[in-house]
2 protein chains.
Amino acid sequence: MTLPASISASVIDRLKSAVGAGGWTDDPDLLAPFLVEWRDTWRGTTPLMLSPATTAEASAVLAICHANRIAVTTQGGNTGLVGGQIPQGEVLISTRRMKAIRSIDPLDDSIIAEAGCILTDVHAAAATVNKRFPLVLASQGSATIGGLISTNAGGVHVRRHGMMRALVLGLEAVLPDGSVFSELTSLRKDNTGYDLKQLLIGAEGTLGLVTAASLKLVPVPRAMVVSMLAVESAKIAVELLHRLEERTGAVAAFELINHTGVAMALKNLSNVKDPLAHTKAPWRVLVEFESSADGLGDLAEEALGEAIEAGLVIDCLISQNEAQAQDFWLLREEMSAAQRPEGASAKHDISVPVSQIPAFLERADAVVESIVPGCQIVSFGHASDGNIHYDVVQPPGMEPAAFKARAPTLIEAVHDVAVSLHGSISAEHGIGISRREEFIRREPSAHLKLMHAIKSGIDPHGIMNPRVLI
Amino acid sequence: MTLPASISASVIDRLKSAVGAGGWTDDPDLLAPFLVEWRDTWRGTTPLMLSPATTAEASAVLAICHANRIAVTTQGGNTGLVGGQIPQGEVLISTRRMKAIRSIDPLDDSIIAEAGCILTDVHAAAATVNKRFPLVLASQGSATIGGLISTNAGGVHVRRHGMMRALVLGLEAVLPDGSVFSELTSLRKDNTGYDLKQLLIGAEGTLGLVTAASLKLVPVPRAMVVSMLAVESAKIAVELLHRLEERTGAVAAFELINHTGVAMALKNLSNVKDPLAHTKAPWRVLVEFESSADGLGDLAEEALGEAIEAGLVIDCLISQNEAQAQDFWLLREEMSAAQRPEGASAKHDISVPVSQIPAFLERADAVVESIVPGCQIVSFGHASDGNIHYDVVQPPGMEPAAFKARAPTLIEAVHDVAVSLHGSISAEHGIGISRREEFIRREPSAHLKLMHAIKSGIDPHGIMNPRVLI
């Protein structure tokens, strides 16, 4: 599908009037922050940014675009890591003015939030009725509900609460022709027809613009305990995950960090502490327990004590207060920031079956060392989901440009290892622009054929995020 | 799409040879049990039943059917409640020979089971590695994995563990043209492309034949406690659900039964006991708690004691052993059997937002009484999901035929009440044949249009379960 290279002035006028005076801009200064990805990996251009304030305005905008074959790129909080949100000449549709919490009902354990709501605002709204929205991730202060749904966001609580897909009860979206898909239900069970919302979740905006969602709330646990463990190997960490889940039934997060990552954080960041530095252990595991039963601290202590006795844990600390819990988390959260002073890096968001984490690390480390000897490998992430953020930082003293030239070979090789272990090349960040060519090359043709059938059925003119995903 | 009325002898021969000697029958005596629904609500006919033993055989069968425009009906354990599994002249494809557990991995918390596996066999296989597959429902001794996926089955553990959709990690299916969709992954996170398996889950066999699935296992809880409560109203039951969830974090099932149901079970079934008969309370609630923390019995007792003090619970019993727990469950499980001696009935599988359960019951009771005065209303089901099995049993002494003549009016009116409260006319049983006309009439045309676009994209000749769902 070829879309026209330019848009007529009369269509531009109609788009502007569809959103009203405060709803559009073509001022380069105002546009600038929306045209650069936060790490400055992508920069884009657009003739016009439209910020509909209502679903009706979004519907009017897309109807005009559909009728006139105008390509659009959609953007939420601009926190995406794969470039999908940065327009390259398309009209930019931002959800930034759709920020209402439309309703919240503690008896239904549901909240209806518009696409532009920031995740932390949804957390705060849930807290006002003593409930919790359990999606938790690093960019939660900027990421929006629409973007989190369109990319099926993950985070640190997936094992217990599921990815975004599992937390969406109902959806409202504007389809590419401007028609509105409206199913803002708070039902827990509804087996009437195909579950159409599932198509929009994780479609990276290629099948429609999510405008609002009914989200699932959960009870606030009465107690939360964070522990930091030192362990000898990733294999032991996997064994430990199962042991702690069985023993406590209370594991909410289980994050792995290798020694290189810990050392880099201590070297480059003044705010990070390592309370287990004396152990010299090759791996750290951060475990968050949550429960509403009494005595969670005792339960965690017993379970970890047994793990030490069994020789699985070298040493461990259990948070005694909120500040200490935050300190433990800080070490994990600063893994990306810790790498920046070291120069260039090649990052991966792979997943493998949990049992294959040790094999992945062993094989990937070997292949990376063979391609760029002396690399600093920072492995960390959601071990409970098999999702490792495997970051390869350039060797000290190497020219960043020389490293960057090797990065594509390196990424391909690491992905090969993940795929050979029945893994994924994108566990939670999505495909966007950056992984598109590789995704299309690796995906079975039968799957691509199905995806194209769906895409062309729902977006026949191919106007929605046309450079993204497929 | 009109399909041919008869199939040529040569095509029949090709279908037979695709599955081999033991894989087909046209013997009326052998076919008989597959052509009648278990409650005898539907009877069907077929020229030929094919029972492929492998995915390759199933693929060959559907490729022939696709090329020759031959309609098929698919059948698992024949436990469906909406008639979708009974052929009306189509070729019948049974998954009964695809019964292998292909693999089970406790470190990945996953099991790969073929479509014809019985649910209880999957439970048993999980137990061999000290894990649990948490889908639990009345027909589990006959229902198959393929059918449970195709109908997105629910059951009593949905609030805690989700419907079947939430328990499928990966899927293998033969698409209508015979091509094989193969994604038997055990990954917890994979954001590469549209999540195509979501379309097949709950599609009632209209988009393909599920042949195997990778299913999610969970830890076995260390303790389980069942309690039977007497409460004054459904409104109090909803309040109690939230209170117990917050207080214990351990509610695994929360089932409601009205007094009419309890009384009917005691009158008609000799194996049922009512340990709370002395309370004369209008409602029973069965609560199952599960936890791996120590002292679950004490926690449940404390929480229920506080609920009694707060005036929410009239009286309650906590199971002291497995036999007592089973007795409590028996009262709930026998709700359908209890109704049979009373004559004709009209059954509903509605859901509403949890907060609307009391309003639904009040309005539905009034409307039912106005249509058929003297009806016996048995309300029971999964209150934690807003899913009420609302069964209207004929008044004593009425002619069953006279009641049956009123049933369509009655069902329509009850569904109107559910829909007016933003509910569903089919929470977990699906649409099949029995709700198809009503579903198409009630569903927004935009949704039907999307469904048709997907159906015709994936099954262009309309050969898969052509009378079902859409």
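Residues numbered from 1 in each chain as written. Chains lettered and ligands numbered in written order. Predicted model: local features only at pLDDT ≥ 70, side-chain atom pairs only at ≥ 80, totals over all residues. Heavy atoms only, no water.

**Remarks on the overall build of chain A**
Going by this rule: Secondary structure elements follow DSSP: runs of H or I of four or more residues count as helices, runs of E of two or more count as strands, with numbering from the N terminus. Each residue gets one of three labels from its accessible area relative to the maximum for its type: buried under 20%, exposed over 50%, partly exposed in between, using a 1.4 Å probe on protein chains only. Residue-level accessible areas treat just the shown protein chains as cover; the underlying method is Shrake-Rupley with a 1.4 Å probe.
Secondary structure summary: chain A contains 17 helices and 19 strands in total. Along the first, second and third principal axes, the C-alpha atoms of chain A reach 75 × 55 × 45 Å. Classification of the 470 residues of chain A by burial places 61% in the buried group. Only carbon and sulfur atoms are counted for the fraction: they give 54% of the accessible area of chain A, which is about 16,600 Å².

**Focus on the pairing of strand 9 (residues 180–183) of chain A**
Residue and element names in this part refer to chain A. Here is the rule we go by: For two strands to be treated as a pair, DSSP must find at least two bridges joining them.
When strand 8 (residues 168–174) meets strand 9, the two strands line up antiparallel, connected through four bridges. By the bridge assignment, Ala 173 is partnered in strand 9 with Phe 181. Turn length for the strand 8-strand 9 hairpin, with the two strands adjacent in sequence and antiparallel, is five residues, and the turn residue Gly 178 shows positive phi of about 95 degrees.

**What to know about the sheet that holds strand 4 (residues 91–94) of chain A**
A sheet is described by the order of its strands in space; here four strands give the open sequence 1-2-4-3 (chain A), paired in mixed fashion. Unpaired on one side and paired on the other, strand 1 (24–25) and strand 3 (72–75) of chain A mark the two borders of the sheet.

**Here's the deal with the pairing of strand 13 (residues 251–258) of chain A**
All names here are of chain A. Buried residues dominate strand 13, accounting for eight of its eight residues. As paired elements, strand 13 and strand 14 (residues 283–291) share seven bridges and run antiparallel to each other. Bridge assignment links Leu 256 to a residue of strand 14, and that residue is Val 285. Pairing between strand 13 and strand 18 (residues 376–382): three bridges, direction antiparallel. Counterpart to Glu 255 in the pairing with strand 18 is His 382.

**With respect to the packing of aromatic side chains**
The criterion, for reference: Stacked, tilted and edge-to-face are the three classes applied to pairs of Phe, Tyr and Trp rings, where Trp contributes its six-membered ring and a pair requires centres within 6.5 Å; stacked means planes under 30 degrees apart, edge-to-face means over 60, and tilted covers the rest. Comment: the charge-over-ring label is applied if NZ (Lys) or CZ (Arg) is within 6 Å of the ring centre and within 35 degrees of the ring normal.
What the rule picks out here adds up to two aromatic pairs over all chains. Centroid distance A:Phe360 to A:Tyr390: 5.3 Å. Interplanar angle 75 degrees. Geometry classified as edge-to-face. Taken together, the positions of A:Phe360 in helix 14 (residues 357–371) and A:Tyr390 in strand 19 (residues 387–393) put the pair 30 residues apart, joining distant regions of the chain. Per residue, the accessibility class of A:Phe360 equals that of A:Tyr390, and both read buried. For B:Arg39, the ring lying beneath its charged end belongs to B:Trp38, and the centroid distance is 5.6 Å.

**Regarding the interface of chain A and chain B**
Interface size, as often reported, equals the accessible area lost upon joining of the parts. Defined as follows: Note on contacts: a residue pair is in contact if any heavy atoms of the two residues lie within 4.5 Å. Buried area: the accessible surface (1.4 Å probe) lost by two parts on joining, summed over both. In the sections that follow, a salt bridge refers to a side-chain nitrogen of Lys or Arg positioned within 4 Å of a carboxyl oxygen of Asp or Glu.
Contact with chain A, which involves 82 residues of that partner, is made by 82 residues of chain B. For the pairing of chain A and chain B, the buried interface totals around 6,300 Å² over both sides, and the portion due to carbon and sulfur atoms is 57%. The largest share of the area that chain A buries against chain B comes from A:Lys189, A:Asn191 and A:Tyr194, three residues that together contribute 16% of it. Taken together, chain A and chain B are joined by 12 salt bridges.

**So, the side chain of A:Ser214**
All names here are of chain A. Operational definition: Polar contact is the term for a pair of N or O atoms within 3.5 Å; when the atoms are in protein, one must be able to donate a hydrogen and the other to accept it, and sequence-neighboring residues count only if both atoms are side-chain atoms.
Note on placement: Ser 214 falls in strand 10 (residues 209–216). Overall, Ser 214 belongs to the buried group, its relative accessible area being 0%. Looking at Ser 214, its side chain comes within polar contact range of the main-chain oxygen of Thr 185, at 2.9 Å. Excluding its chain neighbours within four sequence positions, the residues that come into contact with Ser 214 are Ser 110, Ile 111, Ile 112, Leu 167, Val 168, Leu 169, Gly 170, Leu 184, Thr 185 and Ser 186.

**Re the pattern of salt bridges**
Counted according to the given criterion, the structure contains 63 salt bridges over all chains. Between A:Lys267 and A:Glu342 there is a salt bridge, with its nearest N and O atoms 2.7 Å apart. Taken together, the residues A:Lys267 in helix 10 (residues 259–268) and A:Glu342 in the loop between helix 13 (335–339) and strand 16 (345–346) connect sequence positions 75 residues apart. We classify A:Glu342 as buried; its relative accessible area is 10%. Here B:Glu245 and B:Arg159 are joined by a salt bridge, their closest N and O atoms 2.8 Å apart. With B:Glu245 in helix 9 (residues 234–248) and B:Arg159 in helix 6 (residues 158–161), this pair connects stretches of sequence that are 86 residues apart.

**Remarks on the packing of helix 9 (residues 234–248) of chain A against helix 11 (residues 296–309) of chain A**
Residues and elements named next belong to chain A. Going by this rule: To get an axis, a line is fitted to the C-alpha atoms, and for a helix only the part in contact is used. The angle between two axes follows their N-to-C directions and goes from 0 to 180 degrees. Oblique is the label for any angle not under 35 degrees, not over 145, and not in the 65 to 115 range, which are roughly parallel, roughly antiparallel and roughly perpendicular in turn. Should the near helix be turned anticlockwise from the far one by less than a right angle, the crossing is left-handed, and should it be turned clockwise, the crossing is right-handed. Think of it as three bins: nonpolar holds Ala, Val, Leu, Ile, Met, Phe, Trp, Tyr, Cys and Pro, charged holds Asp, Glu, Lys and Arg, and polar takes everything else, Gly as well.
Direction vectors running N to C along helix 9 and helix 11 enclose 140 degrees, while the axes themselves pass 10 Å from each other. Taken together, the axes of helix 9 and helix 11 are oblique relative to one another. In this structure, helix 9 crosses over helix 11, and the sense of that crossing is right-handed. Two secondary-structure elements touch here, helix 9 through Leu 240, Arg 243, Leu 244, Arg 247 and Thr 248 and helix 11 through Leu 299, Glu 302, Ala 303, Leu 304, Glu 306 and Ala 307. Its residues assigned to classes, the contact of helix 9 with helix 11 shows six nonpolar, one polar and four charged.

**Here's the deal with helix 14 (residues 357–371) of chain B**
All names here are of chain B. How we decide: Under the convention used throughout, the expected extent of a helix is 1.5 Å for every residue step, that is, one less than its residue count. Of all possible arcs, the one meant is that of the directions from the helix axis to the C-beta atoms.
In this model helix 14 runs 21 Å from its N-terminal to its C-terminal C-alpha over 15 residues, within 8% of the 21 Å that 1.5 Å per residue would give. Along helix 14, the positions that sit buried rather than exposed are Ile 357, Phe 360, Leu 361, Ala 364, Val 368 and Ile 371. The buried residues of helix 14 occupy an angular sector of 105 degrees when the element is viewed end-on, so they sit on one face. In helix 14, the exposed positions angled more than 90 degrees off the buried face are occupied by Glu 362 and Ser 370. Against the buried residues of helix 14 lie helix 9, strand 14 (283–291), strand 17 (349–351), strand 18 (376–382), strand 19 (387–393) and helix 15 (400–420).

**Some points on the relation of the copies chain A and chain B**
Short version of the rule: Superposing the copies works by least squares over the C-alpha atoms of residues that have pLDDT at least 70 in both of them.
When chain A is fitted to chain B, the residual RMSD is 0.0 Å, and the transformation amounts to a turn of 180 degrees plus an axial shift of 0.0 Å. Interpreted geometrically, this transformation is the action of a two-fold axis. Take the interface residues of chain A: 100% of them recur as interface residues in chain B, which is what a same-surface contact looks like.

**Some words on the confidence of the model for chain A**
The predicted coordinates of low-pLDDT regions are not to be read in fine detail. Condition: Every residue is assigned a pLDDT by the predictor, reflecting its confidence on a scale from 0 to 100.
Confidence along chain A averages 96 in pLDDT terms, with 99% of residues attaining 70 or more. This complex was scored by the predictor with a pTM of 0.96 and an ipTM of 0.96.

**Details of helix 11 of chain A**
Residue and element names in this part refer to chain A. The first and last C-alpha atoms of helix 11 sit 20 Å apart over 14 residues, in line with the 20 Å expected at 1.5 Å per residue. For helix 11, the complete set of buried residues consists of Leu 296, Leu 299, Ala 300, Ala 303, Leu 304 and Ala 307. Here the buried residues of helix 11 occupy an arc of 120 degrees about the axis, which is enough to place them on one side. Along helix 11, the residues that are exposed and aim more than 90 degrees away from the buried face are Asp 298, Glu 301 and Glu 309. Buried-residue contacts for helix 11 involve strand 12 (223–231), helix 9, strand 14 and strand 15 (315–318).

**As for the sheet that holds strand 6 (residues 110–114) of chain A**
Residues and elements named next belong to chain A. Within the open sheet, the five strands sit side by side as 5-6-10-8-9. Their pairing is antiparallel. Only two strands of the sheet have a single neighbouring strand rather than two, namely strand 5 (101–105) and strand 9. Mean inter-strand twist for the sheet, computed between neighbouring axes without regard to direction, equals 15 degrees. As paired strands, strand 6 and strand 10 are joined by five bridges and run antiparallel to one another.

**Examining the nonpolar core**
Convention followed: Nonpolar cores are built from buried Ala, Val, Leu, Ile, Met, Phe, Trp, Tyr and Cys residues. Side-chain atoms within 4.5 Å join them into one set.
A:Phe360 and B:Phe360 are the most contacted members of the largest nonpolar core, which has 112 residues in total. Aside from chain neighbours lying at most four places away, what touches A:Phe360 is A:Ile350, A:Val352, A:Tyr390, A:Val414, A:Val417, A:Ala418 and A:Leu421.

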